[in-house]
Amino acid sequence: MSTTPTLDRERVRQLFNLRGSYHAEVGGGYEDDPYPAWHRLREQAPVHPGVVHELTGYPGPAVFMGLPFPDRPHFSVFGYAACADAYRDPETFASSPRPVDLNDGTLSASNSMISMGGARHRRHRALVQPSFVPAKARWWITNWIEEAVHDLIDGFAAEGRAELNVDFCAAIPILTITGSFGVPVDRALALRAALREPEEFVRILRPIVAARRESPQDDLISVLVEAELTDEEGATQRLSDAEIHSFAMLLLTAGSGTTWKQMGITLSALLQRPDVLEAVRADRGLLGPAIEESLRWTPTDPMFSRFVTRDVDFHGVRLPAGSVLHLCVGAANRDPARWERPDEYDITRRVRPSFAFGGGAHVCLGMHVARAEMRVGIGALLDRLPNLRLDPHAEPPRFIGMYERGATEIPVVFG
Ligand code: HEM
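What you see is a predicted model; the values in this text were computed from it and never measured. (Residues numbered from 1 in each chain as written. Predicted model: local features only at pLDDT ≥ 70, side-chain atom pairs only at ≥ 80, totals over all residues. Heavy atoms only, no water.)

Enquirer: Would you explain the site of the ligand in this entry?
Expert: Of all residues adjacent to the ligand, which total 27 residues, the nearest are His121, Arg125, Arg306, His362 and Cys364. A distance of 2.7 Å separates an oxygen atom of the ligand from a polar atom in the side chain of His121. At 2.6 Å, a side-chain N or O of His362 approaches an oxygen atom of the ligand. Those elements that provide at least two residues to the shell around the ligand are helix 6 (118-128), helix 12 (241-271), strand 7 (304-308) and helix 16 (367-384). For the shell around the ligand, the leading source of residues is helix 12, giving seven residues. A breakdown of the residues in the shell around the ligand according to their chemical character gives 16 nonpolar, nine polar and two charged. (Near = heavy atom within 4 Å. Polar contact = N/O pair within 3.5 Å; in protein donor to acceptor, adjacent residues only side chain to side chain. Helix = DSSP H or I, 4+ residues; strand = E, 2+ residues; numbered from the N terminus. Nonpolar A, V, L, I, M, F, W, Y, C, P; charged D, E, K, R; others polar.)

Enquirer: So what exactly am I meant to see when it comes to the packing of aromatic side chains here?
Expert: What describes a pair of aromatic rings is the distance from one ring centre to the other and the angle between the planes of the rings. The tally for this structure, following the rule as stated, stands at 17 aromatic pairs. Arranged with centres 6.3 Å apart and planes meeting at 75°, the rings of Phe156 and Phe168 form a pair that is edge-to-face. Pair noted here: Phe156 is in helix 7 (residues 137-156) and Phe168 is in helix 8 (residues 164-181), with a separation of twelve residues, a long-range link. Each of the two residues, Phe156 as well as Phe168, counts as buried. Between Trp297 and Phe399, the ring centres sit 5.8 Å apart and the planes meet at 75°, which makes this aromatic pair edge-to-face. Pair noted here: Trp297 is in helix 14 (residues 287-297) and Phe399 is in strand 12 (residues 399-400), with a separation of 102 residues, a long-range link. Here Trp297 falls in the buried class, since its relative accessible area comes to 8%. Looking at Phe399, the relative accessible area reads 17%, which means it is buried. (Phe/Tyr/Trp six-rings, centres within 6.5 Å; stacked < 30°, edge-to-face > 60°. Buried < 20%, exposed > 50% of the residue type's maximum accessible area, 1.4 Å probe, protein only.)

Enquirer: Before we go on, may I ask you to explain the pairing of strand 10 (residues 324-327) in this structure?
Expert: For a regular strand, the rule is simple: side chains alternate between the two faces of the sheet. The alternating pattern of strand 10 places Val324 and His326 on one face and Leu325 and Leu327 on the opposite face, and all of these are buried. Pairing geometry for strand 2 (residues 74-77) and strand 10, over four bridges, is parallel. Across the sheet, residue His74 finds its bridge partner in strand 10, namely Val324. Note: strand 7 against strand 10, four bridges, orientation antiparallel. Residue pairing in the sheet places Phe304 in a bridge with Leu327 of strand 10. (Pairing = 2+ DSSP bridges.)

Enquirer: How do you make sense of the coordination of the iron atom of the ligand when you look at a structure like this?
Expert: Geometry reference: four tetrahedral donors at a metal, ideal angle 109.5 degrees. Six octahedral donors, ideal angles 90 or 180 degrees. Here the protein supplies the iron atom of the ligand with just one donor, Cys364 (SG), and that contact is 2.3 Å long. Turning to its location among the elements, Cys364 is positioned in the loop between helix 15 (329-332) and helix 16. (Donors = N, O, S within 2.8 Å, 3.2 Å for Na, K, Ca; no water.)

Enquirer: Sorry if this is basic, but what is going on with the packing of helix 10 (residues 198-214) against helix 12 here?
Expert: Relative placement of two packed helices is described by the angle separating their axes and the distance separating the axes. In the contact formed by helix 10 and helix 12, the axes pass within 10 Å of each other and the chain directions differ by 115°. Once helix 10 is placed against helix 12, the crossing between them reads as right-handed. On helix 12, the residues touching Pro198, Phe201, Val202, Leu205, Arg206, Val209 and Arg213 of helix 10 are Asp241, Ile244, His245, Ala248, Met249 and Leu252. (Axes fitted to C-alpha atoms, helices over the stretch in contact; angles between N-to-C directions. Left-handed = near helix turned anticlockwise from the far one by under 90°. Contact = heavy atoms within 4.5 Å.)

Rendered as structure tokens:
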């Protein structure tokens, strides 16, 4: 059993208020199944004028990735091959409409590496990439993931029931990433709460950065303070505090809500198919494929946007320079040209890469960490909670949300 102070469960519930986490601006009010509309659209053409939510028949969201930009023409991609072509050409399909300046005083997840292009993006990404390769998964698991997972299960194991979406899935990614920053458990929730208050975020992180500059440890902030960035002329320099804060904010923003919602989707898919859950319990080798299939079948973020830098003919549509191209990777992941019976959650199908983690130069940096969190988290639930099943007296989970999809409550009983 771990020695860290356990999390304040009420605080976790407040902070990760499930309904509140489906924000209106990202289509949180959407409660339907978008896939029938996406199939229809793909059958008509791989690329359509318009934005994904409106084409799906939902007027809701105003702000997400490449939205709203009302003065630009918008197009949306629904086919797998067309998404792959866009990912392959980041010069034409750029991640941001404007250059990034990390030292301009704006601290936000989008003013970061994720919005950079070309050689500059490669240089910044190369600094952290070694900490996120598959061979580093063990480092993440033994230092932070296992402890977080078991602490959380300790909190409800004796009760015979739990709500897994908030009490389990939401907290694991936060504890993992803040742990890797060297933030103690009792400040982890404060750092999460500070995501919308950059000054507070910096106030918590600054002393840790200063301490690691003095004396590096075995954690991610130490990797960042020791990293050397090489400029076009070949000169090297250490990252500024502002650059480190920007990296940290990107990691926490990109890695927390996503992994939370995807773990909830995977658990819901398994709990609603007790025979599949039993198969995974009996043969843990099936857990990896169960996670990959959940990523393909219902990726939590089914749309990412790119900014078109030159006039281009693209899969039968003329895209003018300055337009925005929305890649509906949710639709691409169920393209029947690539997967048979694409609407079925089938953990026995041959695993072929999907676009749940994006593709090309900006493919998710944290994908092996996310996979490790889901594998260790779900594996530990199966190990420690015999007869784990959905609470037969509660409403079963449903998937909601347009651009950040996830499950409603996941009420389970065990024992
Ligand atoms: C299941 C969980 C996750 C999903 C579905 C996911 C999905 C994605 C996607 C689709 C992108 C590409 C965005 C684009 O092309 O514009 C991305 C980028 C990124 N993700 Fe993840 N992510 C997850 C977990 C994580 C975790 C755990 C971390 C870090 C610990 C992380 C860090 C990042 C970073 C830093 C980028 C930007 C990479 C770059 O610009 O080169 N993600 N993620």
